[in-house]
Amino acid sequence: MDALKKFASSNSSQGSANTGNTQQSAEKKDYGDKISSFINKKEGGKLSDQQLETGTDKAREMYEKATGNKVDPKFSN
């Protein structure tokens, strides 16, 4: 029984640490990241957050190169 309590307490402390990391990464997402995450979730979640971030960064770079205009950091940083 003590082993189960120890296991449960170690898992609960790890769970709270993981939610803190998730909240921090969610706060740093711009609109482009949020939109791509939403679309990815609707399509089955095949891409990781890092892959989505890379994709939105490439799209921003391509837009800036084509138009010569900078994208507002609120939309893509």
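Residues numbered from 1 in each chain as written. Predicted model: local features only at pLDDT ≥ 70, side-chain atom pairs only at ≥ 80, totals over all residues. Heavy atoms only, no water.

Participant: I'd love a proper account of helix α2 (residues 31–42), names of residues and values included.
Facilitator: End to end, α2 covers 17 Å across 12 residues, agreeing with the expected 16 Å (1.5 Å per residue, within 8%). Elements that come into contact with the buried residues of α2 comprise α3 (49–67). Near the N-terminus of α2, the side chain that reaches the backbone nitrogen of G32, with its oxygen 3.1 Å away, is that of D30. Positive phi appears at G44, one or two residues downstream of α2, with a value of about 115 degrees. (Helix = DSSP H or I, 4+ residues; strand = E, 2+ residues; numbered from the N terminus. Expected span 1.5 Å × (residues − 1). Contact = heavy atoms within 4.5 Å. Polar contact = N/O pair within 3.5 Å; in protein donor to acceptor, adjacent residues only side chain to side chain.)

Participant: Tell me what's going on with the side chain of N40, and back it up with residues and numbers.
Facilitator: Among the structural elements, N40 can be located in helix α2. Judged by its relative accessible area of 12%, N40 falls in the buried class. For N40, the residues in contact, after removing those within four places along its chain, are G45, K46, L47 and L52. (Buried < 20%, exposed > 50% of the residue type's maximum accessible area, 1.4 Å probe, protein only.)

Participant: Outline the confidence of the model for the protein, listing residues and values.
Facilitator: Averaged over every residue, the pLDDT of the protein is 77; residues scoring 70 or more account for 65%. α3 holds the highest mean pLDDT among the elements of the protein, 93, whereas helix α1 (residues 2–27) holds the lowest, 53. Predicted confidence for residues 13–24 stays below pLDDT 50, and this span has 0 contacts to residues more than four positions away or in other chains. (pLDDT = per-residue confidence, 0-100.)

Participant: With reference to specific residues and values, describe the packing of aromatic side chains.
Facilitator: Overall, the coordinates contain 1 aromatic pair when judged by the stated rule. Here Y31 and F75 contribute two aromatic rings whose centre-to-centre distance is 5.6 Å and whose plane-to-plane angle is 40 degrees, an arrangement assigned as tilted. Placement of the pair is Y31 in helix α2 and F75 in the segment after α3, with a sequence separation of 44 residues. Overall, the relative accessible area of 41% leaves Y31 in the partly exposed class. Relative accessible area serves as the criterion here: at 43%, F75 is assigned to the partly exposed category. (Phe/Tyr/Trp six-rings, centres within 6.5 Å; stacked < 30°, edge-to-face > 60°.)

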